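Observations on the model geometry
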Amino acid sequence: MERTIIKTEHLERVYATGAVKTYALKDISIEIEEGEFVAIMGKSGSGKSTLLHQLGLLDKPTKGNIIIDGNDVINISEKERTRFRLHELGYVFQSYNLIPELTAIENVYVTPMARNLKKEEYEKMAEEVLTAVGLKDRMYHYPSELSGGQQQRVSIARALVNKPKILFADEPTANLDSASSEDVINLFRKFNKEIGQTIVMVTHEKDEGEKADRIIWVKDGLLDTDK
Ligand SMILES: Nc1ncnc2c1ncn2[C@@H]1O[C@H](COP(=O)(O)OP(=O)(O)OP(=O)(O)O)[C@@H](O)[C@H]1O
């Protein structure tokens, strides 16, 4: 049976810059099922990233509610939100944000390393996930020795190593050529199909959106129901 993993109720996010108020999100109520691969699309400035940041607990709405996996994630302590981000959620951004002084495998295991596991354990977890993204033979390379597409695959491995309930991706292919972009989307599809990974991705690319199970269209901070 399908199970709702993310639910938002009347989300609003207003940015106040001096006297100027921007209603980036006006009233967004959505539900995403566990195991769904969802794309968020819409014109520039429509509120896509703002919505992803609310769902990923990287920002707080000015009004409304968010329930993730049955938890009210708005009215909990900051400590609890941090725990949730670290253990339950994974993130991939358009910039790879790898640490240049660390090898691919070290970049991936920094997260499980923080969980008091033994070195053999977190190394094994990182190896498995790097192998799954096709980088078994690049594990000991530094970011500067990897292509953009390979670096993004390291960042995907890093996002998935803790087996997050939900993977959030904000324009993950924006800096990649078309072949590497396709690789990244195919990887998402693979993790979604094979392990039922829930994925929420912002994209500008129509063909990428079409590879998802569903597109949530956003327009001027509202759901675009004409699409
Ligand atoms: N930190 C901020 N302070 C003030 N206004 C902001 C801030 N972040 C976003 N905005 C405004 O909120 C609106 C929505 O921005 P958002 O980045 O969510 O759009 P987007 O659909 O992701 O755009 P793009 O496709 O260009 O990345 C825009 O009008 C933007 O200018």
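Conventions we followed
- Residues numbered from 1 in each chain as written.
- Predicted model: local features only at pLDDT ≥ 70, side-chain atom pairs only at ≥ 80, totals over all residues.
- Pairing = 2+ DSSP bridges.
- Helix = DSSP H or I, 4+ residues; strand = E, 2+ residues; numbered from the N terminus.
- Contact = placed C-beta atoms within 7 Å.
- Axes fitted to C-alpha atoms, helices over the stretch in contact; angles between N-to-C directions.
- UniProt positions renumbered as here; feature names shortened; annotations may be inferred.
- Core = buried A, V, L, I, M, F, W, Y, C linked by C-beta atoms within 7 Å.
- Buried ≥ 20, exposed ≤ 12 C-beta atoms within 10 Å, placed from the backbone.
- Near = placed C-beta within 6 Å.
- Nonpolar A, V, L, I, M, F, W, Y, C, P; charged D, E, K, R; others polar.

Before going further, it helps to examine the sheet that holds strand β11 (residues 222-223). Pairing is mixed across the open sheet formed by 6 strands, whose spatial order is β7-β8-β9-β4-β10-β11. This sheet does not close on itself; its edge strands, each paired only once, are β7 (89-92) and β11. Examined bridge by bridge, strand β4 (residues 37-41) and strand β10 (residues 214-219) share 4 bridges and lie parallel to one another. Of the residues in β10, the one forming a bridge with Met41 is Trp217. Sitting on the sheet, helix α1 (residues 48-55) is in contact with β4, β8 (166-170), β9 (198-202) and β10, with an inclination near 150° to β9. Where helix α5 (residues 148-160) meets the sheet, it contacts β7 and β8, and its direction lies at approximately 170° from that of β7.

This paragraph deals with the UniProt feature "domain: ABC transporter" (unreviewed entry) in the chain. Under the UniProt annotation, the feature "domain: ABC transporter" (unreviewed entry) is placed at residues 6-227. For residues 6-227, the helix share is 36%, the strand share is 27%, and the end-to-end C-alpha distance is 22 Å.

A general trend in soluble globular proteins is that nonpolar side chains are found buried together. By size, the foremost hydrophobic cluster in this structure holds 52 residues, and its most contacted members are Ile40, Val108, Ala126, Val129, Leu130, Ala157 and Val200. Not counting the four nearest positions on each side in its chain, Val129 is found in contact with Val108, Ala157, Leu160 and Val161.

With that settled, the discussion passes to the site of the ligand. Near the ligand you find Tyr15, Thr17, Thr22, Ala24, Gly42, Ser44, Gly45, Ser46, Gly47, Lys48, Ser49 and Thr50, and these make up its full shell. Secondary-structure elements contributing two or more residues to the shell around the ligand are β1 (4-17), β2 (20-28) and α1. In terms of residue count, α1 provides more of the shell around the ligand than any other element does, 3 residues in total. The residue makeup of the shell around the ligand, split by class, is 2 nonpolar, 9 polar and 1 charged.

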